[in-house]
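Close look at the chain arrangement
What follows is each chain in one-letter form.
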2 protein chains.
Amino acid sequence: MEFRETQAIYLQIADRFFENILQKKWVSGDKIPSIRDMAVEFEVNPNTTMRTFNFLQDKGVIYNKRGIGYFLADDGLEKTIALKKEQFLQEELPMFVKTMQLLGLTLDDLKTYVQRNPLSDN
Amino acid sequence: MEFRETQAIYLQIADRFFENILQKKWVSGDKIPSIRDMAVEFEVNPNTTMRTFNFLQDKGVIYNKRGIGYFLADDGLEKTIALKKEQFLQEELPMFVKTMQLLGLTLDDLKTYVQRNPLSDN
DNA sequence: GGTAGTGTACTAGTTACTTAGTACACTACA
DNA sequence: TGTAGTGTACTAAGTAACTAGTACACTACC
């Protein structure tokens, strides 16, 4: 996987976790692929994916069973929505609106873009 | 000034430069405040602002007169627009749309937000 | 018991970013 | 000429992120 240079890799991987949760590919109680498997999938060091797991456990999104693996918490979806929403409202949205303003783009331009770029293929 | 932890400080300062240029607070040929003054204003080490200046000079947005200072290039505004637009279209916009989709937000929600949050106060 | 698959805990080393401090060359100007 | 304000070039140090490798304890299962 390719990563942006502007953000730590383990956080970008966390975002992929959030996607899986929000898209309900992972649901409460599901076992999450192991730290080692994730490292192979994302082509990073296991230590890096471990940081992602620690980060998400700290947020209460996943929990651990010793010797078995990590699982999605009962309220994992709710916590993920809360986390993403907070980040979106406090950081992403204001920056986005500011950039649109600076570039002189309108909501109609955005509408056109969205129509031309079907929202999902993953 | 407070900085986000997810992006290098010198790049966040560069964004402030871009704002000044896009808002036409700085126009072609204008002398830009010195590396040392900028360091004081942003409360960082002069080495850090120097990285911003080097970055922007590398992009062709500003140029240097030895012993005098940095100045906004003739096509500084155009280059800034091009840079921001590219970044916006390739990174910010796709991520933004994806997050909106994941959170189940619509363009109407966005419209409401924009109406409630007047676009500028700087 | 043995084995494979888990997470965990280390040491070590590299790179990027940031700060701190010093020194020096160039330009403008009194 | 002297001085203040520029950029520039260093050394040194600290932190975060990332990689590499090893070792160990726990759990499930044959």
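Residues numbered from 1 in each chain as written. Chains lettered and ligands numbered in written order. Predicted model: local features only at pLDDT ≥ 70, side-chain atom pairs only at ≥ 80, totals over all residues. Heavy atoms only, no water.

**Some words on the domain arrangement of chain A**
Annotation of chain A at the domain level lists domain 1 (9-76) and domain 2 (81-116). On a C-alpha basis, the centres of domain 1 of chain A and domain 2 of chain A stand 27 Å from each other. (Domains from an automatic or database assignment.)

**So, the nonpolar core**
Core analysis: the biggest nonpolar cluster contains 17 residues, and Phe17(B), Ile32(B), Phe53(B) and Ile62(B) have the highest contact counts within it. Within the residue set of this core, elements represented by two or more residues are α1 (9-22), α2 (35-42), α3 (46-58) and β3 (69-72) of chain B. Ranked by the residues each element gives to this core, the list is headed by α1(B), at five residues. Non-local contacts of Phe17(B), meaning those with residues more than four positions away in its chain, are made with Trp26(B), Ile32(B), Met38(B), Phe42(B), Thr52(B), Phe53(B) and Leu56(B). Membership of the second largest hydrophobic core comes to 16 residues, among which are Phe17(A), Ile32(A), Val61(A) and Leu72(A). (Core = buried A, V, L, I, M, F, W, Y, C linked by side-chain atoms within 4.5 Å. Buried < 20%, exposed > 50% of the residue type's maximum accessible area, 1.4 Å probe, protein only. Helix = DSSP H or I, 4+ residues; strand = E, 2+ residues; numbered from the N terminus. Contact = heavy atoms within 4.5 Å.)

**With respect to the packing of helix α1 (residues 9-22) of chain A against helix α3 (residues 46-58) of chain A**
Residue and element names in this part refer to chain A. α3 packs onto α1 with a crossing angle of 60° between their chain directions and a minimal axis gap of 9 Å. By the angle between their directions, the pair α1 and α3 is classed as oblique. You can see that α1 and α3 cross each other, and the crossing is right-handed. Residue-level inspection shows Ile-9, Tyr-10, Leu-11, Ile-13, Ala-14, Phe-17 and Phe-18 of α1 in contact with α3, the latter providing Thr-48, Thr-49, Arg-51, Thr-52, Phe-53, Phe-55 and Leu-56. Class assignment of the residues belonging to the contact of α1 with α3 gives a composition of 10 nonpolar, three polar and one charged. (Axes fitted to C-alpha atoms, helices over the stretch in contact; angles between N-to-C directions. Parallel < 35°, antiparallel > 145°, perpendicular 65-115°, else oblique. Left-handed = near helix turned anticlockwise from the far one by under 90°. Nonpolar A, V, L, I, M, F, W, Y, C, P; charged D, E, K, R; others polar.)

**Digging into the relation of the copies chain A and chain B**
The two copies are related by a screw operation: chain A maps onto chain B through 180° of rotation and 0.0 Å of translation along the axis, at an RMSD of 0.1 Å. Interpreted geometrically, this transformation is the action of a two-fold axis. Taking C-alpha positions as reference, the residue of chain A nearest the rotation axis is Gln7(A), located at 3.0 Å. When the interface residues of chain A are mapped onto chain B, 100% of them again lie at the interface, so the same face is used by both copies. (Least-squares fit on C-alpha atoms with pLDDT ≥ 70 in both.)

**Quick word on the sheet that holds strand β2 (residues 62-65) of chain B**
Residue and element names in this part refer to chain B. Ordered in space as β1-β3-β2, the three strands form an open sheet in which the pairing is antiparallel. Either end of the sheet is taken by a strand with one partner, and the two such strands are β1 (31-32) and β2. Here four bridges tie β2 to β3, and the two strands are oriented antiparallel to one another. Each bridged residue has a counterpart across the sheet, and for Tyr-63 the counterpart in β3 is Phe-71. (Pairing = 2+ DSSP bridges.)

**Topic: the pattern of salt bridges**
By the definition in use, this model includes six salt bridges over all chains. Residue Lys98(B) pairs with Glu19(A) through a salt bridge whose shortest N-O separation is 3.4 Å. Residue Lys98(B) is found in helix α4 (residues 76-102), and its partner Glu19(A) is found in helix α1; the two belong to separate chains. A relative accessible area of 14% means that Glu19(A) is categorised as buried. (Salt bridge = Lys/Arg side-chain N within 4 Å of Asp/Glu carboxyl O.)

**Some thoughts on the packing of aromatic side chains**
Aromatic ring pairs: the centre-centre distance and the angle between the two ring planes describe each pair. All names here are of chain A. A complete count under the given rule lists 13 aromatic pairs over all chains for this structure. Here a set of aromatic residues connected by ring pairs shows up, and it is made of Phe-17, Trp-26, Phe-53 and Tyr-70. One cation-aromatic arrangement involves Arg-51 over Tyr-10; the distance from NZ or CZ to the ring centre is 4.4 Å. (Phe/Tyr/Trp six-rings, centres within 6.5 Å; stacked < 30°, edge-to-face > 60°. Lys NZ or Arg CZ within 6 Å of the ring centre and 35° of its normal.)

**Here's the deal with the protein's contact with DNA strand D**
Every one of the 23 residues lining DNA strand D counts as a neighbour, but Ile9(A), Thr48(A), Arg51(A), Arg36(B) and Tyr70(B) are closest to it. In DNA strand D, atoms within 4 Å of the protein come from the sugar-phosphate backbone in 62% of cases. In the model, a phosphate oxygen of DNA strand D is placed 3.3 Å from a nitrogen or oxygen of the Asn45(A) main chain. In this structure, Arg51(A) approaches DNA strand D through a side-chain N or O atom, which is 2.8 Å from a phosphate oxygen. Those elements giving two or more residues to the surface near DNA strand D turn out to be α1 and α3 of chain A together with α2, α3 and β3 of chain B. Looking at side-chain class alone, the surface near DNA strand D contains nine nonpolar, nine polar and five charged residues. (Near = heavy atom within 4 Å. Polar contact = N/O pair within 3.5 Å; in protein donor to acceptor, adjacent residues only side chain to side chain.)

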